[in-house]
Amino acid sequence: MATLGIGRAWVARIGDDGKVITGVNGINGDASDTSGVFMIDQSSSMGIASANMTNLQGALSDIYGSNKLVYKSAAKGNAQTVLTVNHVPAEVKQRMLGAAPDSRGGFTINGKANSNNRIALLVESADAFDDQEAVYFGFFQGIVTEASENVATNDTAEKRTQDVLTFGHLERGDDGFGKRYFSWLPNFDKQKMFNDIFPSATGTAVSAPSTPAPTSSSN
């Protein structure tokens, strides 16, 4: 099916136990945060430009027998999402990248992605011919990277950049990389979807997640 636009997305840090990390070590870096989920939308991040999801399936290889093409061998894709956002809060972005803070306002650039910093992602779009019907793309966990940044001088026009973050998704046991959800199906349940992508002891409603103001707390 086709989609229309992109509304918002949610991200969270995932711990070794497979559950969302809350509190000071969570994505919001706030000791009072019991959700562990950050919502990326117009209010928090000046909106999302795009979420480009690729390699959701691998390539097919031809298998021949008895002079006939008898089978297609299906390879597994290495699913990834390139999320482009107008303005992710600086500290939230560094937590997504797993960058180490130096307690002096700096975050280390060491030339290597943090493979132990796993981030779950849920993206909301809509049905192409009914924008009241939501479509969701959820990914259980992945490593976020930002390979480059480019700043340039303003002239007669502002040279504004965006946050372009690449999620290299990881599989979760036998569950695969994630799931697609269609809100109009009779058995769709927002809360169950949210709990599946962002497992936690308490759960958080997808319609109104907690998004504390980013703090200067350490990772």
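Residues numbered from 1 in each chain as written. Predicted model: local features only at pLDDT ≥ 70, side-chain atom pairs only at ≥ 80, totals over all residues. Heavy atoms only, no water.

Enquirer: Describe the overall build of the chain, naming the residues involved and giving the relevant values.
Expert: Summing up its helical and strand segments, the chain has three helices and eleven strands in all. Counting from the amino terminus, helix and strand elements in the chain follow one another as β-β-α-β-β-β-β-α-β-β-β-β-β-α. Counting over 219 residues, the chain shows a buried share of 39%. For the chain, contacts bridging at least 24 residues in sequence account for 68% of all contacts bridging at least 6. (Helix = DSSP H or I, 4+ residues; strand = E, 2+ residues; numbered from the N terminus. Buried < 20%, exposed > 50% of the residue type's maximum accessible area, 1.4 Å probe, protein only. Contact = heavy atoms within 4.5 Å.)

Enquirer: Could you give an account of the nonpolar core, with specific residues and numbers?
Expert: In summary, soluble globular proteins display a tendency toward joint burial of nonpolar side chains. Judged by nonpolar contacts, the single largest core of 24 residues is most densely connected at Val 11, Ile 27, Ile 40, Leu 83, Met 96, Leu 121 and Phe 167. Contributions of two or more residues to this core are made by strand E1 (8-14), strand E2 (37-40), strand E3 (48-54), strand E6 (80-85), helix H2 (90-97), strand E7 (118-127), strand E8 (130-139) and strand E10 (163-170). Beyond its immediate stretch of four places on either side in the chain, Phe 167 contacts Val 11, Ala 79, Gln 80, Thr 81, Leu 83, Met 96, Ile 119, Leu 121, Ile 143 and Val 144. Residues Val 20, Ala 120, Phe 140 and Met 193 belong to the second largest nonpolar core, which totals 16 residues. (Core = buried A, V, L, I, M, F, W, Y, C linked by side-chain atoms within 4.5 Å.)

Enquirer: How would you summarise the layout of surface pockets if you had to cite specific residues and measurements?
Expert: Roughly 490 Å³ of volume is contained in the largest pocket. Looking at the lining of the largest pocket, the elements with two or more residues in it are H2 and strand E9 (141-145). Here the lining of the largest pocket is built from residues that sort into eight nonpolar, eight polar and three charged. In this structure, the second largest pocket encloses a volume near 420 Å³. (1 Å grid on protein atoms, 1.4 Å probe; cavity = no way out; pocket = protein on both sides within 12 Å on 5 of 7 lines; lining within 4 Å. Points joined across faces, edges and corners; volume = space filled by probe spheres on them. Nonpolar A, V, L, I, M, F, W, Y, C, P; charged D, E, K, R; others polar.)

Enquirer: Account for a nonpolar patch on the surface, with residues named and values stated.
Expert: A surface patch of nonpolar side chains, amounting to about 300 Å² of accessible area, comprises Met 1, Trp 184 and Leu 185. Note that Met 1 resides in the segment before E1. By relative accessible area, which is 56% here, Met 1 ends up exposed. (Patch = residues over 30% accessible without salt bridge, like charges linked within 9 Å, V, L, I, M, F, W, Y side chains within 5 Å. Areas by Shrake-Rupley, 256 points an atom, 1.4 Å probe, with all protein chains shown as cover. Salt bridge = Lys/Arg side-chain N within 4 Å of Asp/Glu carboxyl O.)

Enquirer: Lay out the pairing of E9 with the relevant residues and their values.
Expert: The buried fraction of E9 amounts to four of the five residues, a majority that puts the element mostly inside the structure. Pairing of E9 with E10 involves five bridges; the strand directions are antiparallel. Considered in E10, the bridge of Ile 143 is made with Gly 168. (Pairing = 2+ DSSP bridges.)

Enquirer: Any details on the side chain of Glu 146? Residues and values, ideally.
Expert: By the element assignment, Glu 146 lies in the loop between E9 and E10. Within the structure, Glu 146 has its side chain in polar contact with the side chain of Lys 93 (distance 2.7 Å). Dropping the residues within four chain positions of it, Glu 146 is found in contact with Lys 93, Leu 97, Asp 163, Val 164 and Leu 165. (Polar contact = N/O pair within 3.5 Å; in protein donor to acceptor, adjacent residues only side chain to side chain.)

These figures come from the coordinates and say nothing about function on their own.
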